[in-house]
Amino acid sequence: MPGDGEVVRLRPARRADWDLIRSWLARADIEAWWGPRAATEAEVNIALNSGHALCRIIEAGGVPVGYAHAVDATMWGDELPQDLAPGTWDLDLFIASEEHRGQGVGQAALAQLKDEVFGTTLATAVCVFPSIRNERAVRAYEKAGFRWKRIWNDPHMGPSWFMLAERPR
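Since the structure is predicted, the reported quantities are computational estimates derived from the model, not experimental observations.

S.K.: In this structure, what is going on with the overall build of the chain? I would like to understand it.
M.R.: Helices and strands together make up the secondary structure of the chain, namely five helices and seven strands. Reading the helices (α) and strands (β) of the chain from amino to carboxyl end gives β-α-α-α-β-β-β-α-β-α-β-β. Expected size for 169 residues packed as a compact globule is a radius of gyration near 15 Å; at 15 Å, the chain falls within 12% of this value. Seen through its principal axes, the chain has C-alpha atoms that stretch 40 × 35 × 30 Å.

S.K.: Would you explain the packing of aromatic side chains in this entry?
M.R.: Here the distance between the centres and the angle between the planes together describe a pair of aromatic rings. One pass over the full model with this rule turns up eight aromatic pairs. Here W34 and F94 contribute two aromatic rings whose centre-to-centre distance is 4.9 Å and whose plane-to-plane angle is 90 degrees, an arrangement assigned as edge-to-face. Of the two residues, W34 is situated in helix 2 (residues 28–34) and F94 in strand 4 (residues 88–95); the sequence distance between them amounts to 60 residues. Look at W34 and you get buried, because its relative accessible area is 13%. Where F129 meets F162, the ring centres are 5.3 Å apart and the plane angle is 20 degrees; that geometry is what we call stacked. Within this pair, whereas F129 is found in the loop between strand 5 (125–128) and helix 5 (135–143), its partner F162 is found in strand 7 (residues 158–166), the two being separated by 33 residues in sequence. When its relative accessible area of 14% is taken as the criterion, F129 is described as buried. Owing to a relative accessible area of 1%, F162 belongs among the buried residues under this scheme. Through a chain of ring-to-ring contacts, three or more aromatic side chains come together here, namely W24, W34, Y67 and F94.

S.K.: Just checking my understanding: could you explain the environment of S50 for this structure?
M.R.: Relative to the elements of secondary structure, S50 occurs in the loop between helix 3 (37–48) and strand 2 (53–60). Note: C-alpha distance between S50 and V71 (21 residues apart in sequence) is 8.7 Å.

S.K.: For this particular structure, what's the right way to read the nonpolar core?
M.R.: As a rule of thumb, soluble globular proteins bury nonpolar side chains together. If you look at the biggest cluster of nonpolar residues, it comprises 30 residues, and the most contacted ones within it are I58, L91, V117, V126 and F146. Where this core is concerned, the elements lending two or more residues are strand 1 (8–12), strand 2, strand 3 (63–72), strand 4, helix 4 (105–120), strand 5, helix 5 and strand 7. Among the elements that make up this core, the one with the highest residue count is helix 4 (seven residues). Core analysis: the next-biggest nonpolar cluster, separate from the first, contains 27 residues, I21, L48, I57 and A125 among them.

S.K.: Is there a simple way to explain the sheet that holds strand 2 in this structure?
M.R.: Within a sheet, adjacent strands bond to each other through the backbone by hydrogen bonds, running parallel or antiparallel. Taken in spatial order, the seven strands of this open sheet run 1-2-3-4-5-7-6, and their pairing is mixed. Each of the sheet's edge strands pairs with one partner strand only, and the pair in question is strand 1 and strand 6 (147–154). With strand direction ignored, the average angle separating the axes of adjacent strands in the sheet is 30 degrees. Note that strand 2 and strand 3 share eight bridges and pair antiparallel. Following the sheet pairing, C55 is matched in strand 3 by H69. The sheet contacts of helix 1 (residues 18–25) involve strand 2, strand 3 and strand 4, and relative to strand 3 the element is tilted by about 90 degrees.

S.K.: Would you mind going over the pairing of strand 7 with me for this structure?
M.R.: Consecutive side chains of a regular strand alternate in pointing toward one face of the sheet and then the other. Of all nine residues in strand 7, seven are buried, a share of seventy percent or more. In this sheet, strand 7 lies alongside strand 5 in antiparallel orientation, the contact comprising four bridges. Residue V126 lies in a different strand from strand 7, and its bridge partner there is A165. Where strand 6 and strand 7 come together, seven bridges link them in antiparallel fashion. Within strand 7, the residue paired with W148 across the bridge is M163. Hairpin connection, strand 6 to strand 7: the antiparallel pair is bridged by three residues.

Cut-offs used in this document
- Residues numbered from 1 in each chain as written.
- Predicted model: local features only at pLDDT ≥ 70, side-chain atom pairs only at ≥ 80, totals over all residues.
- Heavy atoms only, no water.
- Helix = DSSP H or I, 4+ residues; strand = E, 2+ residues; numbered from the N terminus.
- Rg over C-alpha atoms; globule rule 2.2 N^0.38 Å.
- Phe/Tyr/Trp six-rings, centres within 6.5 Å; stacked < 30°, edge-to-face > 60°.
- Buried < 20%, exposed > 50% of the residue type's maximum accessible area, 1.4 Å probe, protein only.
- Core = buried A, V, L, I, M, F, W, Y, C linked by side-chain atoms within 4.5 Å.
- Pairing = 2+ DSSP bridges.
- Axes fitted to C-alpha atoms, helices over the stretch in contact; angles between N-to-C directions.
- Contact = heavy atoms within 4.5 Å.

Take a look at the structure:
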């Protein structure tokens with residue numbers, strides 16, 4: 001659970017948040033796990049302009065600390081594994097605030113985003129693609145109910161885990 005009783009919430013990301021999101025994407029620590037800046041800026045712009053995406057600012061104690069989005073995976077076209085089932089949504093998030101990392105903020109945001117996808121869409125599953133080098137993220141996804149499917153070679157990040165969580169019954 002997040003430290004110091006800070007409430008974690010997701011609020012809709014707006015065009016007015018673009019400069020903040022862009023500044024986060026430019027940071028070396030974010031780029032290391034999210035990918036090259038040009039590619040991630042394009043990805044976020046596509047999501048922000050789509051009716052098939054949920055774009056969220058992660059707040060802790062009312063302060064923006066990160067970004068998350070859930071996207072109908074068909075939006076990425078051929079960029080994802082061929083065995084990805086129809087109706088799967090791709091989730092991505094990062095905690096930009098270093099003081100909020102390892103405090104449960106990412107875990108809380110992930111759970112809220114996953115619940116929102118299943119509560120507001122017809123998604124059959126949600127997936128994530130953390131780098132095989134990002135042990136912290138992999139463990140967080142496991143705790144959130146994601147299961148390893150296999151290793152997938154991400155065109156930008158290299159070997160990544162293809163992890164999936166199916167819609168609760």
